[in-house]
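# Structure at a glance
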Amino acid sequence: MQHLATDLLVTLAYGVVGVVLMGIGYALVDLATPGRLNHLIWHERNRNAAVLLASNLVGVGIIVVAAIVASEDDFALGLVGAAAYGILGLVIMAVAFVLLDVATPGKLGELLVDPEPHPAVWVSAVVHVATGAIIAAAIS
């Protein structure tokens, strides 16, 4: 029973770190897009904004999972690693977003909140997921 309680607390701690990192990711996507992200997604049902946010959250999740797996049952290392790599991943995702914006015509943030589906959202989404995967591979 003691082992179960310990495992539950460890899982809770990792869950909290993951949710906090996803919250930070949400805030970063909100900053990168014109308008309020929650309004765009839940009221205007903007698919572009939803795909962009979802890809960011998946990228963060990939990083957190890799950090947990790489911790080799060292709880403190795993928790600190998940937080540190998650923050690093978010920074790299933000830089990649800015670089993509510079390399493409128009303002990427404005294209991504257009009410009509736009191919640029898929490019940006893949950048988020690929960044998460690259960082996850580097952790291993």
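Everything numeric here is computed off the predicted structure, so don't read it as measured data. (Residues numbered from 1 in each chain as written. Predicted model: local features only at pLDDT ≥ 70, side-chain atom pairs only at ≥ 80, totals over all residues. Heavy atoms only, no water.)

### Describing the nonpolar core
- By size, the foremost hydrophobic cluster in this structure holds 14 residues, and its most contacted members are L37, L52, L108 and L112.
- Secondary-structure elements contributing two or more residues to this core are helix 2 (37-43), helix 3 (47-70), helix 4 (75-103), helix 5 (108-112) and helix 6 (119-139).
- By size, the runner-up hydrophobic cluster in this structure holds 13 residues, among which are V60, I63, V64 and I139. (Core = buried A, V, L, I, M, F, W, Y, C linked by side-chain atoms within 4.5 Å. Buried < 20%, exposed > 50% of the residue type's maximum accessible area, 1.4 Å probe, protein only. Helix = DSSP H or I, 4+ residues; strand = E, 2+ residues; numbered from the N terminus.)

### So, a nonpolar patch on the surface
- A cluster of nonpolar residues, L9, L12, V16, V20, I24, L28, L31, I87, V91, V95 and L99, forms a patch on the protein surface that exposes about 1000 Å² of accessible area.
- Those elements that place two or more of their residues in the nonpolar patch are helix 1 (2-32) and helix 4.
- Ranked by residues supplied to the nonpolar patch, first place goes to helix 1 with seven residues.
- If you trace the backbone, L12 turns up in helix 1. (Patch = residues over 30% accessible without salt bridge, like charges linked within 9 Å, V, L, I, M, F, W, Y side chains within 5 Å. Areas by Shrake-Rupley, 256 points an atom, 1.4 Å probe, with all protein chains shown as cover. Salt bridge = Lys/Arg side-chain N within 4 Å of Asp/Glu carboxyl O.)

### What about the environment of V29?
- With respect to the element layout, V29 can be found in helix 1.
- Overall, the relative accessible area of 3% leaves V29 in the buried class.
- Considered as a pair, V29 and P119 are 90 residues apart in the sequence and their alpha carbons are 18 Å apart.

### Remarks on the packing of aromatic side chains
- Summed over all chains, the structure comprises one aromatic pair.
- Ring plane angle 80 degrees and centroid distance 5.9 Å describe the contact between Y14 and F75, whose orientation is recorded as edge-to-face. Taken together, the residues span a long stretch of sequence, with Y14 in helix 1 and F75 in helix 4 at a distance of 61 residues.
- A relative accessible area of 11% places Y14 in the buried class. (Phe/Tyr/Trp six-rings, centres within 6.5 Å; stacked < 30°, edge-to-face > 60°.)

### Concerning the UniProt feature "transmembrane region" (unreviewed entry) in the protein chain
- Per the UniProt record, "transmembrane region" (unreviewed entry) is annotated on residues 7-29, 49-70, 77-100 and 120-139.
- Along residues 49-70 one finds 100% helix and 0% strand; the C-alpha atoms at either end are 32 Å apart. (UniProt positions renumbered as here; feature names shortened; annotations may be inferred.)

### Thoughts on helix 3
- Between its terminal C-alpha atoms helix 3 stretches 34 Å, which fits the 34 Å expected from 24 residues at 1.5 Å a residue.
- Taken residue by residue, helix 3 has N48, A49, L52, L53, S55, N56, G59, V60, I63, V64, A66 and A67 as its buried positions.
- Residues of helix 3 that are buried in the fold lie against helix 1, helix 2, helix 4, helix 5 and helix 6.
- Put simply, N46 is the residue that caps the front of helix 3, since its side-chain oxygen is 2.9 Å from the backbone nitrogen of N48.
- Positive phi shows up at E72, right after helix 3, with a value of about 50 degrees. (Expected span 1.5 Å × (residues − 1). Contact = heavy atoms within 4.5 Å. Polar contact = N/O pair within 3.5 Å; in protein donor to acceptor, adjacent residues only side chain to side chain.)

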